[in-house]
Amino acid sequence: MMDCLKQRVFIVGDVNENINHSLPPTSGEEYIKRVVIEAQQCDDVVVANIDPSCMKQPTKGYIEPLAGCVQAPPKLSPTLEWQKYQVSDFSDMRLYVSQLRDEIQTYKRKWKQPNIDLPDIDDESSWISLCFGCTNEKKVEPTLNILFCLNQPTVEQVLEYFVHYVETERRIDYKIGQWIYTLLVMLEQPLNPDTCSCLRSLARICSVIRADSRELDAQELGALNLFICLVARYFRQLDLADP
């Protein structure tokens, strides 16, 4: 295969190396001969001499890998059987929602768009307010009817807002947990790198909150364990999984 690439394409005859390069070539044949002479003068291997002092040194934080989940305190880690059940239940819910969406799109199921003004995609605080039912003084629940109005980029962006809220507040409120779960149900695969990173951040912050010294009620502990489980075992970030 490589031998055919070495075969000559043009027959240029004898090459006279005493060509006066200060004068322009008088024919196409003479131009090719000059190219051959220049090629023969080139080294087979060229190594660049780089001054190390000119290289920008990376910062210490830049090359450090992201840490995994914090190990659960005794008696707070879920059993493997519980995790398998949650993954199966979550998978069934995603299948149901997928079928429901298909029926709506093919007009096999009636669906009325909610009468609500959704915030702009870049307005993080309004999405958090919407979650807690503060937008326009209306009480809003994180239902599929609302989320069916969102395209996939919006689903991913809103999920990032809620993960940021959890990282900032170091707690998972009941309504925030509802929204996060529903957004995970609506999340399409394969994940893009940014969304994958967002999910890993969710699992990590959940493990940090779980390992905190404050006492957790059953609802919040269940949400923390659930999101770690789904990120690790359903979305295949297995290095973050509880045993």
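Given the structure is predicted, the values throughout are model-derived calculations rather than measurements. (Residues numbered from 1 in each chain as written. Predicted model: local features only at pLDDT ≥ 70, side-chain atom pairs only at ≥ 80, totals over all residues. Heavy atoms only, no water.)

Considering the packing of aromatic side chains
What counts is decided by this rule: In this scheme Phe, Tyr and Trp rings, the latter by its six-membered ring, pair at centre separations within 6.5 Å, and the angle between planes marks the pair as stacked below 30 degrees, edge-to-face above 60, and tilted otherwise. Put simply, DSSP marks the helices as runs of H or I at least four residues long and the strands as runs of E at least two long, and each gets a number from the N terminus on. Relative accessibility under 20% of the residue-type maximum defines a buried residue, over 50% an exposed one, and the middle range a partly exposed one, all with a 1.4 Å probe and only protein chains included.
All chains considered together, the criterion is met by six aromatic pairs. Judged by centre distance (6.0 Å) and plane angle (65 degrees), the rings of phenylalanine 90 and phenylalanine 235 are edge-to-face. Here phenylalanine 90, found in helix α3 (residues 80-105), pairs with phenylalanine 235, found in the segment after α9 (218-234); they are 145 residues apart in sequence, far enough to count as distant. Take phenylalanine 90 and phenylalanine 235: they sit in the same class, and that class is buried. Note on tyrosine 234 and phenylalanine 235: the rings are 5.1 Å apart at their centroids and 75 degrees apart in plane angle, and the pair reads as edge-to-face. On the basis of relative accessibility, which here comes to 18%, the residue tyrosine 234 falls in the buried class. Judged by relative accessible area, phenylalanine 235 falls into the buried class, the value being 3%. Each member of the aromatic cluster is reached from another via a ring pair, and the members are Phe90, Tyr181, Tyr234 and Phe235.

A closer look at the confidence of the model for the chain
Rules: Per-residue confidence from the predictor is reported as pLDDT, which spans 0 to 100. In what follows, a contact means two residues having at least one pair of non-hydrogen atoms within 4.5 Å.
Averaged over every residue, the pLDDT of the chain is 81; the share at 70 or more is 76%. Confidence drops under pLDDT 50 across residues 58-65; counting only partners more than four residues distant or on other chains, this segment forms one contact. Low confidence marks residues 135-141, where pLDDT is under 50. Its contacts with residues over four positions away, or in another chain, come to 15 contacts.

Here we look at α9
What counts, and what does not: Under the convention used throughout, the expected extent of a helix is 1.5 Å for every residue step, that is, one less than its residue count.
Between its first and last C-alpha, α9 extends 23 Å over 17 residues, near the 24 Å set by a 1.5 Å rise per residue. Of all 17 residues making up α9, 13 are buried, and the element is well covered by its neighbours. Count one or two residues on from α9 and you reach arginine 236, which has phi positive near 65 degrees.

A closer look at unusual backbone geometry
Residue proline 190 is reached from glutamine 189 by a cis peptide bond, and omega for that bond is 5 degrees. Note on placement: proline 190 falls in the loop between α7 (174-186) and α8 (193-211). Positive phi, close to 75 degrees, is recorded for lysine 75, a residue that is not glycine. Looking at the secondary structure, you find lysine 75 in the loop between α2 (28-40) and α3. A relative accessible area of 86% places lysine 75 in the exposed class. A positive phi angle, close to 65 degrees, is found at arginine 236, a residue other than glycine. You can see arginine 236 is positioned in the segment after α9.

Side note on the nonpolar core
When a protein is soluble and globular, its nonpolar side chains tend to lie buried together. Heads up, the condition is: To form a nonpolar core, buried Ala, Val, Leu, Ile, Met, Phe, Trp, Tyr and Cys residues must be joined to one another through side-chain atoms within 4.5 Å.
By size, the foremost hydrophobic cluster in this structure holds 52 residues, and its most contacted members are Leu159, Phe162, Ile180 and Leu184. Residue assignment for this core shows that the elements contributing at least two residues are α3, α4 (124-131), α5 (144-147), α6 (152-169), α7, α8 and α9. Counting residues per element, this core draws most heavily on α9, which supplies 11 residues. Setting aside chain neighbours within four positions, we find phenylalanine 162 in contact with Trp127, Ile128, Cys131, Ile176, Trp179, Ile180 and Leu183.

Quick notes on α8
Residue pairs three or four apart in sequence face the same way in an α-helix, which turns once every 3.6 residues. The following threshold applies: Counting of polar contacts relies on pairs of N or O atoms within 3.5 Å, with two restrictions inside protein: one atom must be capable of donating a hydrogen and the other of accepting it, and residues adjacent in sequence are counted only when both atoms are side-chain atoms.
With 19 residues, α8 ought to run about 27 Å at 1.5 Å a step, and its terminal C-alpha atoms sit 27 Å apart, in line with that. The backbone nitrogen of aspartate 194 has a side-chain oxygen 3.1 Å away, supplied by the residue at the start of α8, namely asparagine 192.

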